[in-house]
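Read off the chains here:
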Amino acid sequence: MIPAARVQAAIDLVDAILNAARGQGASADTLARNFFRERRYMGSGDRRAVRDLAWRAVRRFGELPVNGRAALAGLAREDAALAALFDGSTYGPARLTEGEPVAEGGVIPAWIEALLPPLFDDAEKAALLDRAPLDLRYDPSRTDRDALRAIWPEIVFSEALPRAARLPGNTPVEDSAPWQAGAIDVQDWGSQAIVQACLDDSAPALVIDLCAGAGGKTLALSALLPEARIVASDTSRDRLQAMEPRRKRAGPDRIEPLLLDPKREWDKLAPFEGKADLVLVDAPCSGSGTWRRNPETRWRLTPDRLARVVAEQTRLIEIAQRLVRPGGALVYAVCSLLPDEGPRQAARGLCDREGWTIVNPDMQIGRLIGADGRLCDASDTAPATGRLLTPRHDGTDGFFFTRARRS
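Residues numbered from 1 in each chain as written. Predicted model: local features only at pLDDT ≥ 70, side-chain atom pairs only at ≥ 80, totals over all residues. Heavy atoms only, no water.

Draft legend 1. Helix H10 (residues 189-197), seen in detail. Counting buried positions over the nine residues of H10 gives eight, a clear majority of the element. The backbone nitrogen of Gly190 lies 2.7 Å from a side-chain oxygen of the residue at the head of H10, namely Asp188. (Buried < 20%, exposed > 50% of the residue type's maximum accessible area, 1.4 Å probe, protein only. Helix = DSSP H or I, 4+ residues; strand = E, 2+ residues; numbered from the N terminus. Polar contact = N/O pair within 3.5 Å; in protein donor to acceptor, adjacent residues only side chain to side chain.)

Take a look at the structure:
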């Protein structure tokens, strides 16, 4: 393909992503796979160039562009070489004209930017759209740092998380021996920090992962708590089934998948009332902490949708509290940076709830944050409601998590 034709293909792909965002349709990754499957004439270099250009446009503009051409025209304003490819050639985009729609503005929608905690300066905001690395969790009983370093000399290891490793984002790992042996799994360091927050000196007999999804945190808990009975519940059959290949690679476990009925979760959870030593609530959220991996989700979020997920988080916390035994623990987490979903949600549902006490574990990752979204230090009289992880400060996806103990 000539360079101008690649630009037009990127415009077409961004159009598909925009249309899906407006209608809450398929994810950008799914759309891209379908897009290239329907265009088999594209070589691998063409596909890579088109995808990189399309994602560059998606990352650059927080406000929803009018269309794909406006998004690429916005990039062209900042890139003379790209602007020259709007040349009107047979397979390329038409020439740019005065007065046509052009995307502009910052990388975060204005209404979302107004909700971010005060700590988000320009550098923190920019990092939200950086490209994410490939994070791994490894099993020390099956491999070690030297063995992994022999395969990937560029690998780095976390000093804060005992089983965390990191590779460049485009590293293929699924054909490697450690992957095939179940010695490694893909898991963001932030997710691994949440699992660490679930642990203390006790040996829990019953653990419930209330929103288990595809089981990343469930499997990490199983590896660290091999004697515990772990109930992995979710309202999506597809998400629970996605855990099964990962379980087979990881080997024997004591995980019990439990499919729940939406809005009727208690029908199947009632037998566990007041019995769980630990309940993890990795709640549905805005996903604002995952923009590095899914930048188009900025275009999908609306105030109404945010209000709905906040209400759902409150409901799930209340369900989880009924499951925890006296003296047991509840860990609440969201891959969100917005205070309404994180520290304020914890303040409403846990700090201000009789019989519950926030117990923030001492960790070498993240920063303690108060209900007002401000960072806490030793001089603060009001207790922190939890811990915030951000791409710039921690090199992870954005997460908020907190641990509470039932008296």
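Draft legend 2. Up close: the nonpolar core. Within the largest apolar cluster, 77 residues are counted, with the highest numbers of intra-cluster contacts made by Leu210, Leu269, Val279, Val281, Leu323 and Tyr332. Looking at this core, the element that brings in the most residues is helix H15 (residues 303-323), giving eight residues. The residues touching Leu269, leaving out its near neighbours within four places in the chain, are Leu210, Leu258, Leu260, Ile319 and Leu323. Counting residues in each nonpolar core, the second largest holds 31 residues, with Ala28, Met42, Val58 and Leu82 among its members. (Core = buried A, V, L, I, M, F, W, Y, C linked by side-chain atoms within 4.5 Å. Contact = heavy atoms within 4.5 Å.)

Draft legend 3. Quick look at the state of the cysteines. Throughout the structure, instances matching the rule amount to zero disulfides. Between Cys198, a free cysteine, and Cys211, which holds the nearest cysteine sulfur, the sulfur-to-sulfur gap is 13 Å. Of all cysteine sulfurs in the structure, the one in Cys285 sits closest to Cys211, which takes part in no disulfide; the separation is 10 Å. Taking relative accessible area as the criterion, Cys211 reaches 16% and is therefore assigned buried. (Disulfide = S-S within 2.5 Å.)

Draft legend 4. Highlighting the sheet that holds strand E3 (residues 164-167). Strand order in this open sheet of four strands is E2-E3-E1-E4, and the pairing throughout is antiparallel. One side of each edge strand has no neighbouring strand; the edge strands of this open sheet are strand E2 (156-157) and strand E4 (184-186). Two strands pair when backbone bridges link them, and strand E1 (residues 134-138) and E4 are joined in this way by three bridges, in the antiparallel orientation. Residue pairing in the sheet places Tyr138 in a bridge with Ile184 of E4. (Pairing = 2+ DSSP bridges.)

Draft legend 5. Looking closely at empty space enclosed by the protein. Summed over the entire model, instances satisfying the criterion amount to one cavity of 30 Å³ or more. A volume near 80 Å³ is recorded for the largest cavity. Along the walls of the largest cavity sit Arg137, Leu161, Pro162, Arg163, Gln192, Val195, Gln196, Ala220 and Leu224, which together make up its complete lining. Taken together, the elements giving at least two residues each to the lining of the largest cavity come down to H10 and helix H11 (216-224). A total of three residues in the lining of the largest cavity trace back to one element, the largest contributor, which is H10. Here the lining of the largest cavity is composed, by residue class, of five nonpolar, two polar and two charged. (1 Å grid on protein atoms, 1.4 Å probe; cavity = no way out; pocket = protein on both sides within 12 Å on 5 of 7 lines; lining within 4 Å. Points joined across faces, edges and corners; volume = space filled by probe spheres on them. Nonpolar A, V, L, I, M, F, W, Y, C, P; charged D, E, K, R; others polar.)

Nothing here speaks to function; it is geometry throughout.
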